[in-house]
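Residue-level listing of the chains:
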Amino acid sequence: MSVAAAAAVHSLVERRETLATAESLTGGLVAATIVEIPGVSAVYRGGLVVYATELKSALAGVPAELLEERGPVDREVAAALAEGARARCGADWGLATTGVAGPEPQDGKPVGLVYVAVAGPNGRQVRELRLIGNRMAVRTESVTAVLQLLTDVLHTAPAPA
């Protein structure tokens, strides 16, 4: 069981808040990791796996112009994915992952370049990662990083009234 997932779920349960996910390079691994935690049904609403670029717009609501201008591996796209998960699934918090897991660079972006994002009631935060390793290592570290980002944000965010 993931320590990062357990910490995030525990914080959400305490706060009585909900979570949704939008995943690209992790392809559902964030959702799968979260749902391993007992009691998660009280907080996890659901998620979107939007691997294809056009689905980031069609399903997660990322502006098509943003995707056209910046491509799918971008800080602002990650933030829009997190916001889209939150809005489309009716959750308090949205998580997102986008990046290049490899084995080859994508659209001029290097393997290991990943953006993880959290969107919540008080805004959005994005972290850029430069990960090293094979495809599975990049994906696994991305999951841990997005869950750690959520935990960090929850510890500093005001509790709901």
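Residues numbered from 1 in each chain as written. Predicted model: local features only at pLDDT ≥ 70, side-chain atom pairs only at ≥ 80, totals over all residues. Heavy atoms only, no water.

Caption draft 1: Structural detail: the pairing of strand β5 (residues 123-130). Summarising the sheet, strand β4 (residues 113-120) and β5 pair through eight bridges and their orientation is antiparallel. Bridging across to β5, V116 finds its partner in R127. (Pairing = 2+ DSSP bridges. Helix = DSSP H or I, 4+ residues; strand = E, 2+ residues; numbered from the N terminus.)

Caption draft 2: Quick peek at unusual backbone geometry. Cis geometry is adopted by the peptide bond preceding P103, which originates at G102 and carries an omega value of 15°. Note on placement: P103 falls in the loop between β3 (93-99) and β4. Positive phi values are uncommon outside glycine, yet R16 reaches one of about 60°. For R16, the position within the fold is in the loop between α1 (3-15) and β1 (19-23). In this structure, D107 takes a positive phi of about 50° despite not being glycine. The exposure class assigned to D107 is exposed, which follows from its relative accessible area of 66%. (Buried < 20%, exposed > 50% of the residue type's maximum accessible area, 1.4 Å probe, protein only.)

Caption draft 3: Broad picture of the pattern of salt bridges. Taken as a whole and assessed by the stated rule, the structure comprises six salt bridges. In this structure, R86 and E83 form a salt bridge, with 3.2 Å as the shortest nitrogen-oxygen distance. Pair noted here: R86 and E83 are both in helix α5 (residues 75-89), with a separation of three residues, about one helical turn. Note on E83: relative accessible area 26%, which makes it partly exposed. Residue D152 pairs with R127 through a salt bridge whose shortest N-O separation is 2.7 Å. Here R127 lies in strand β5 and D152 lies in helix α6 (residues 135-156), a separation of 25 residues in the sequence. Overlapping salt bridges bring together E69, R70 and D74 as one network. (Salt bridge = Lys/Arg side-chain N within 4 Å of Asp/Glu carboxyl O.)

Caption draft 4: Geometry of the environment of G39. In this fold, G39 is placed in the loop between α2 (29-34) and β2 (44-49). Residues G39 and V9, spaced 30 residues apart in sequence, show a C-alpha to C-alpha distance of 8.2 Å.

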